[in-house]
Amino acid sequence: MKYDVIALGELLIDFTLNGNSTQGNPLFEANPGGAPCNVLSMLSKLGKKTAFIGKVGEDQFGRILRNTIEEVGIDSTYLLNDSEIPTTLAFVHNMPDGDREFSFYRKPGADMMLSAEDIKEDMFEEGKIFHFGTLSMTHDGVRKATLKALEYAQKKNMIISLDPNLREPLWDNLGNAKEKMLEAISYCDVLKISDNEIQFLTDEEDYDKGIAKLRKMYDIPLVCLTMGKDGSRAYYKDMRVEVKGFAQENVIDTTGAGDTFCGSVLGYICEHGINDFDEESLKEMLTFANAAASLVTLKRGAIKSMPNVEEVSKLIGTCR
């Protein structure tokens, strides 16, 4: 295989608060981000071969993003430029309760300009896993591009991975968000979903009931549920495995923690497949993913902040 994982979706600049100027004005740091490339960045740290399909503007931010993903080892062959629409920007505001609020500059943004005509079958010739999120389902043009990519990925018998990554401000209404997110889930073999997303999609407060409802609707082989600092769960066949999180006292930025977790899970699948999990292997997978996700919160941004195998293994060893 030429690529372990090919991802499609948004590549953008996350502006995160980094102190104040001498005049007392807030200073924002331009961190390269976007969930699919965050996932690929973690996979690159794990030694996996990755490629990204997406679109940025022909502007300074687009150049920064292309250079960044190339620096971390992501193949940029399928990263296209839009000469008219600027690169998508997001401002991340950290809330007192540790949650985040996003302000997006995407009306439109270059990532939305990816079209079905941009998607070619030969992009998927030599890939093991195809990963995507639902920000590429928010508008009709990029949604058609995503569905075409899914068609090719299925045709090539790739494992299909999804992180819904709900960002409410980017949808025209939440009813449409729910409909398109469920459409995306109908394609996937691996679903990484957060606690608030399972409640949003299933109207179930109980996570187990929500997961059971989704698995009944769609035959999803592996579902991984992230619960923030409380850890994660894996649902596979008739098994349910839960692993506690790794608490960090000096959290700086939680942006990318879920993507780090997802990249770690996909890295494990690259090596072991998805057909022969037992409770012990699921526990091993979740432990590594939880530890990696906790480490990325100690730095700002995501793409350039991913931990390596040695750092993750050291944290696991320290906490045992």
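For the structure, check the block above.
The structure reproduced in this document is the subject of the present report. Every value quoted in this text rests on a predicted model; they were computed, and no experiment measured them.

This paragraph deals with the nonpolar core. Within the largest apolar cluster, 56 residues are counted, with the highest numbers of intra-cluster contacts made by Leu11, Leu222, Leu266, Ile269, Phe277, Leu282 and Met285. For this core, the element with the highest residue contribution is helix 8 (residues 279-296), accounting for 10 residues. In this structure Leu222 touches Asp189, Val190, Leu191, Ala234, Tyr235, Tyr236, Ile269, Phe277, Leu282 and Met285, once residues within four positions along its chain are discounted. Counting 44 residues, the second-largest nonpolar core is a separate cluster that includes Leu8, Cys188, Phe200 and Leu214.

As a further point, take a negative patch on the surface. Together, Asp238, Asp276, Asp278, Glu279, Glu280 and Glu284 give the surface a local cluster of negative charge. Along the chain, Asp238 turns up in the loop between strand 13 (232-236) and strand 14 (239-243). The exposure class of Asp238 is exposed, given its relative accessible area of 75%.

The next subject is the pairing of strand 10 (residues 159-163). In the case of a regular strand, side chains alternate between the two sheet surfaces. Of all five residues that make up strand 10, five are buried, and the element is covered over most of its length. In strand 10, alternate side chains face the same way, and those of Ile159, Ser161 and Asp163 on one face and Ile160 and Leu162 on the other are all buried. Here five bridges tie strand 9 (residues 127-133) to strand 10, and the two strands are oriented parallel to one another. When the bridges of strand 10 are listed, His131 appears paired with Ser161. Between the parallel pair strand 9 and strand 10, the chain is carried across by helix 3 (residues 140-155), and the sense of this crossover is right-handed. Pairing of strand 10 with strand 11 (residues 190-194) involves two bridges; the strand directions are parallel. Bridge assignment links Ser161 to a residue of strand 11, and that residue is Val190.

Another aspect to go through is the packing of helix 8 against helix 9 (residues 309-319). How two helices pack is summed up by the angle between their axes together with the distance between the axes. Close contact between helix 8 and helix 9 brings their axes to 9 Å; oriented N to C, the two are set at 105°. Considering the angle they form, helix 8 stands roughly perpendicular to helix 9. On helix 9, the residues touching Thr287, Phe288, Ala291, Ala292, Ser294 and Leu295 of helix 8 are Val309, Glu311, Val312, Leu315 and Ile316. For the contact of helix 8 with helix 9, a count of residues per class yields eight nonpolar, two polar and one charged.

A few words on the packing of aromatic side chains. Going through the model one piece at a time under the given rule, you end up with nine aromatic pairs. On the basis of an interplanar angle of 70° and a centroid distance of 5.7 Å, the ring pair of Phe124 and Phe130 is categorised as edge-to-face. Residue class for Phe130 comes out buried when judged on its relative accessible area of 0%. The interplanar angle of 40° and the centroid separation of 5.9 Å between the aromatic rings of Phe124 and Tyr152 together place this pair among those described as tilted. One end of the pair, Phe124, is in the loop between strand 8 (100-105) and strand 9; the other, Tyr152, is in helix 3, and 28 residues separate them in sequence. Taken individually, Phe124 and Tyr152 each receive the classification buried, so the pair is uniform in this respect. Among the aromatic side chains, those forming a connected cluster through ring pairs are Phe15, Phe28, Phe61, Phe91 and Tyr105.

The pairing of strand 2 (residues 12-20) with strand 3 (residues 26-33) spans seven bridges and is antiparallel. Looking at strand 3, one finds that Thr16 is bridged to Glu29. Where strand 2 folds back on strand 3, the antiparallel hairpin that results is connected by five residues, among which Gly24 adopts a positive phi of roughly 90°.

Turning to the environment of Glu279, a few remarks are in order. With respect to the helices, strands and loops of the structure, Glu279 is situated in helix 8. A C-alpha to C-alpha distance of 25 Å links Glu279 and Glu204, two positions 75 residues apart in sequence. Look past the residues within four positions of Glu279 in its chain and what remains in contact with it is Met239 and Val241.

A word on unusual backbone geometry. Following Lys107, the chain continues into Pro108 via a peptide bond in cis, with omega recorded as -5°. Along the chain, the position of Pro108 falls in the loop between strand 8 and strand 9. Phi is positive for Asn165, close to 50°, though the residue is something other than glycine. By secondary structure assignment, the location of Asn165 is in the loop between strand 10 and helix 4 (174-185). You will see that Asp203, though not glycine, has its phi angle at about 60°, which is positive.

Position of Gly133 among the secondary structure elements: in strand 9. Classification of Gly133 as buried rests on a relative accessible area of 9%.

As a further point, take the pattern of salt bridges. A side chain with one charge can pair with a side chain of the opposite charge if their charged atoms come near. Within this structure, the stated rule accounts for 19 salt bridges. A salt bridge links Glu271 to Lys48; its shortest N-O distance comes to 2.8 Å. Here Glu271, found in helix 7 (residues 257-272), pairs with Lys48, found in the loop between helix 1 (35-45) and strand 4 (50-57); they are 223 residues apart in sequence, far enough to count as distant. We classify Glu271 as exposed; its relative accessible area is 52%. According to the relative accessible area criterion, Lys48 is buried, its value standing at 14%. For Asp208, the salt bridge is made with Arg233, and the minimal N-O distance between the two is 3.0 Å. Taken together, the positions of Asp208 in helix 6 (residues 207-217) and Arg233 in strand 13 put the pair 25 residues apart, joining distant regions of the chain. Since its relative accessible area comes to 12%, Arg233 is described here as buried. Each member of the salt-bridge network shares a partner with another, and the members are Glu121, Glu125, Lys155 and Lys156.

Here is what the cut-offs are and how they apply
Residues numbered from 1 in each chain as written. Predicted model: local features only at pLDDT ≥ 70, side-chain atom pairs only at ≥ 80, totals over all residues. Heavy atoms only, no water. Core = buried A, V, L, I, M, F, W, Y, C linked by side-chain atoms within 4.5 Å. Buried < 20%, exposed > 50% of the residue type's maximum accessible area, 1.4 Å probe, protein only. Helix = DSSP H or I, 4+ residues; strand = E, 2+ residues; numbered from the N terminus. Contact = heavy atoms within 4.5 Å. Patch = residues over 30% accessible without salt bridge, like charges linked within 9 Å, V, L, I, M, F, W, Y side chains within 5 Å. Areas by Shrake-Rupley, 256 points an atom, 1.4 Å probe, with all protein chains shown as cover. Salt bridge = Lys/Arg side-chain N within 4 Å of Asp/Glu carboxyl O. Lys, Arg positive; Asp, Glu negative; His and termini not counted. Charge placed at Lys NZ, Arg CZ, Asp CG, Glu CD. Pairing = 2+ DSSP bridges. Right-handed = clockwise from strand over helix to strand, strands pointing away. Axes fitted to C-alpha atoms, helices over the stretch in contact; angles between N-to-C directions. Parallel < 35°, antiparallel > 145°, perpendicular 65-115°, else oblique. Nonpolar A, V, L, I, M, F, W, Y, C, P; charged D, E, K, R; others polar. Phe/Tyr/Trp six-rings, centres within 6.5 Å; stacked < 30°, edge-to-face > 60°.

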